[in-house]
Amino acid sequence: MRWFRSRFPDPAMATLPIAPVVRRLIHVKGIVQGVGFRPFVYALAQSLSLSGHVFNTSSGVTIEVEGGPAAVDLFLGKLSADAPDLAEIAGVYVSILDSRGEVAFSILPSKGRPGDYALVSPDAGTCDACWSDVGDPLNRRFGYPFTNCTHCGPRYSIIHGVPYDRTSTTMAHFTMCPQCAAEYADPADRRFHAQPNACPVCGPSLALVPRGEALGPDLFAGRNSLEILHQARALLHQGKILAIKGLGGFLLACDASNQAAVAEMRWRKQRPAKPFALMVRDYAAVQSLCQVSSGDEASLLHLRRPIVVMPRDPTAPLADAIAPGNNTVGVMLPYTPLHYLLFSDSPDHASEFPALVMTSGNLSEEPIVVSNSAAMQQLHSVADWFILHNRDIAMRVDDSVVRSFEGRERVLRRSRGYVPHALDLGRPLSQIVAFGAELKNTFCLTKGRHAILSQHIGDLQNFETEEFFQETLARMKALFRVEPCALAHDLHPEYRSTRLALASSIERRFAIQHHHAHIASCMAENHLDGEVIGVAFDGTGYGPDGCIWGGEFLVASLAQFSRRAHLRYVPLPGGDAAVRQPWRMALSYLRDALGSGNLPQLRCFDSIAPSQLELVDAMLAKRIQTVETSSAGRLFDAVAALLNLSSEVTFEGQAAIALEMAAAPHTSGRYPFDLQPGASSSHIMIVDLRATIVGIVQDIAAGRPVAEIAARFHNTLSAAIAEVCSRIRIGDGMRRVCLSGGTFQNLYLLHRTAVELRRRDFKVFLHASVPANDGGISLGQAVIANQILHNGG
Ligand SMILES: [Zn+2]
Ligand SMILES: [Zn+2]
């Protein structure tokens, strides 16, 4: 064994006379590539006078260090504790080696092994150091919109393949200038091996073109980005609508305080009511527009830079058309230098506007546009001007949306900044692909201990979205080297996601009931085993009895479920039309509660043509073009319509949101409801809300305030949920309740329900990293299929 005298500057350490030298082999797994991990390891080893080396492998990072035992221990401690912000360490595996007497520490070339997979980092918002580079007139990157470093910038959106190096990204055709190349090669530099590293001399450039202009071959030659952005700010100031190529796709922007511009954007985008998201220049400006909780603050400032939904300050200078009838607003901070520069050219300069509308650059229901030529064609009727650039987008990723509840971030749409971050499910998994739901589609791959969810694909209702699904699935399978041995899909035979699954060459297939998938998804992200009570409330899910389920109480494990209770079936008149026209559900619920001959005169039907009313009434009477449903979403539609809040809607959930917004906080009291045994052959309880509907109609007739009725309706539903769970517990003794489904995005309902359940001593589990809506279905499908395979099924 070799001995050496410690070289530590610390006097206490320096008094150590002589120590043995040890050598350790360390494998680090997780997101450790493309996040500045090797330079961090290099600097850490240098600071502790350790020798050895570090290199990327196809499954993570491998390190060997040699030196005194105390220094090596310190190294191991700091390796996890001080890792770079973007790194996510999933495991550190240490083994003992013989010492070799090395004197230096070095970074070696990457080594790959077939079949291994490394976790790819999501895109990250611009770090403070890069934003100061961009805002500093003396810096060579002053005003350069594509500035990034190992701590920030594009990742997933520019990757074609693995291993993650420049040649497998859309930066491949930009050759670094000598200065950038020197940064890239220097382990002490913030841009060491920053694959998208670029500067005004060698990197991508911008172009600003009016609508209708042909794109020439030298479009990007000799352009000055500062001038372009100055011009862009002036256009926004004039109320123009700009299509801006960003990180994961095009966004449409206009001045959020300009009522006419926002109204024009709505009209041109054919989007009458769905809220627009805002990009706000800085955190102080967000505080002046919204009521920001500490949870919201953490989400806003995180490098993931999601859209955070928060209560809006009613006095904020924002156009009403941003989120009509909604007292919340979705806000994000700038996440690329280009976005920062839309507000001002330096951190020290005043911005021309506090907030810009930033909404997806797409035609309704189609995927977000990613290429320059597609933008010029497809967004021609929406945008006046286009900010284009020549760094291609390899992976389309929309902005993510989150909301905070009980101090924790709850993801509503999981895309940029979150994907492809893998969820560690804490158990070994087979390689499976789950095709997800029809609306808000995502798919999910499992491998190792990981579930890898795709970004938000959208509503699988047109060819373009289906193509996006297929492309992304092929890309992700290659990226993570997944060869699925089985697939999972929704039980609904008509879903496009089901048809895509059935067209696949994978022979082992599992059809999973929609609400079971919701509950399994919630179980998986909370690492739950065994059986739980699952309350799955949403708009639509195919039931094995051929009815449309959506107000479901299950006793579920990962492998199976039994239905224990559901909202009483009512007829859904006219399929999709009933979703678009909530008054139809109001009529259905009224007939169910009061009988056909006793329909009260309600103002909510005043705007409906008598012939329409008669037609739907006849449909309900004769059960023509109707299907039975227990949907909670349709129940909310019905009550919102009864209260005259929403007789027609243009996006899913609009009526339910109106009802949530109307509910007066801190209102007590509720309506009566009944729990009844179902058919004699089953032990299924029926949640009968006919008395609730009668109570609501009486309150409307008595002229009670809508805010109070809406609140009491929410309270009724929460009380019914808690009561049903208590009855299930009497039989089965279960204390754990999972709440899932899009209806629980309603925070008034979620809060009341969680409070009621906890008061009855239930342990309540909610979603956080995965959406409660159908965006979380694919995870549930994947874990159910895995469990069935695991059980030998
Ligand atoms: Zn940076
Ligand atoms: Zn350069």
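The coordinates are above.
Quick look at the structure, then. (Residues numbered from 1 in each chain as written. Chains lettered and ligands numbered in written order. Predicted model: local features only at pLDDT ≥ 70, side-chain atom pairs only at ≥ 80, totals over all residues. Heavy atoms only, no water.)

## Concerning the sheet that holds strand E4 (residues 51-57)
Hydrogen bonds along the backbone pair up the strands of a sheet, which may run parallel or antiparallel.
Phase 1 of the analysis: Pairing within the open sheet is mixed, and its five strands lie in the order E6-E3-E5-E4-E7. In this open sheet, the two edge strands, each paired with only one partner strand, are strand E6 (88-97) and strand E7 (105-107). Going across the sheet, the axis of each strand differs from the next one's by a mean of 15 degrees, ignoring polarity.
Phase 2 of the analysis: Pairing between E4 and strand E5 (residues 60-67): seven bridges, direction antiparallel. The residue of E5 that forms the bridge with Thr57 is Gly60.
Phase 3 of the analysis: The strands touched by helix H3 (residues 69-81) within the sheet are strand E3 (22-31), E5 and E6, with E3 carrying the most contacts at an inclination of about 0 degrees. (Pairing = 2+ DSSP bridges. Helix = DSSP H or I, 4+ residues; strand = E, 2+ residues; numbered from the N terminus. Axes fitted to C-alpha atoms, helices over the stretch in contact; angles between N-to-C directions. Contact = heavy atoms within 4.5 Å.)

## Here we look at the pattern of salt bridges
Phase 1 of the analysis: For the coordinates displayed, the defined rule picks out 33 salt bridges.
Phase 2 of the analysis: The salt bridge partner of Asp529 is Arg427, with a shortest N-O separation of 3.0 Å. One end of the pair, Asp529, is in the loop between helix H14 (514-525) and strand E22 (532-542); the other, Arg427, is in strand E18 (residues 423-434), with 102 residues separating them in the sequence.
Phase 3 of the analysis: Arg591 is paired through a salt bridge with Asp617; the nearest N and O atoms lie 2.7 Å apart. Pair noted here: Arg591 is in helix H16 (residues 582-594) and Asp617 is in helix H17 (residues 610-622), with a separation of 26 residues, a long-range link.
Phase 4 of the analysis: On the basis of relative accessible area, Arg591 is assigned to the buried category, the value being 16%.
Phase 5 of the analysis: By relative accessible area, which is 23% here, Asp617 ends up partly exposed.
Phase 6 of the analysis: Several salt bridges share partner residues, and in doing so they unite Arg23, Glu64, Glu66, Arg100 and Glu102 into one network. (Salt bridge = Lys/Arg side-chain N within 4 Å of Asp/Glu carboxyl O. Buried < 20%, exposed > 50% of the residue type's maximum accessible area, 1.4 Å probe, protein only.)

## Section: the packing of helix H2 (residues 37-47) against H3
Phase 1 of the analysis: Look at H2 against H3: their axes get within 11 Å of each other, and the N-to-C directions meet at 150 degrees. With respect to each other, H2 and H3 are oriented roughly antiparallel. Along this stretch, H2 crosses H3, giving a crossing that reads as right-handed. Along its contact with H2, which presents Phe37, Phe40, Val41, Leu44 and Ala45, the element H3 presents Phe75, Lys78 and Leu79.
Phase 2 of the analysis: Looking at the contact of H2 with H3 residue by residue, the classes come out as seven nonpolar, no polar and one charged. (Parallel < 35°, antiparallel > 145°, perpendicular 65-115°, else oblique. Left-handed = near helix turned anticlockwise from the far one by under 90°. Nonpolar A, V, L, I, M, F, W, Y, C, P; charged D, E, K, R; others polar.)

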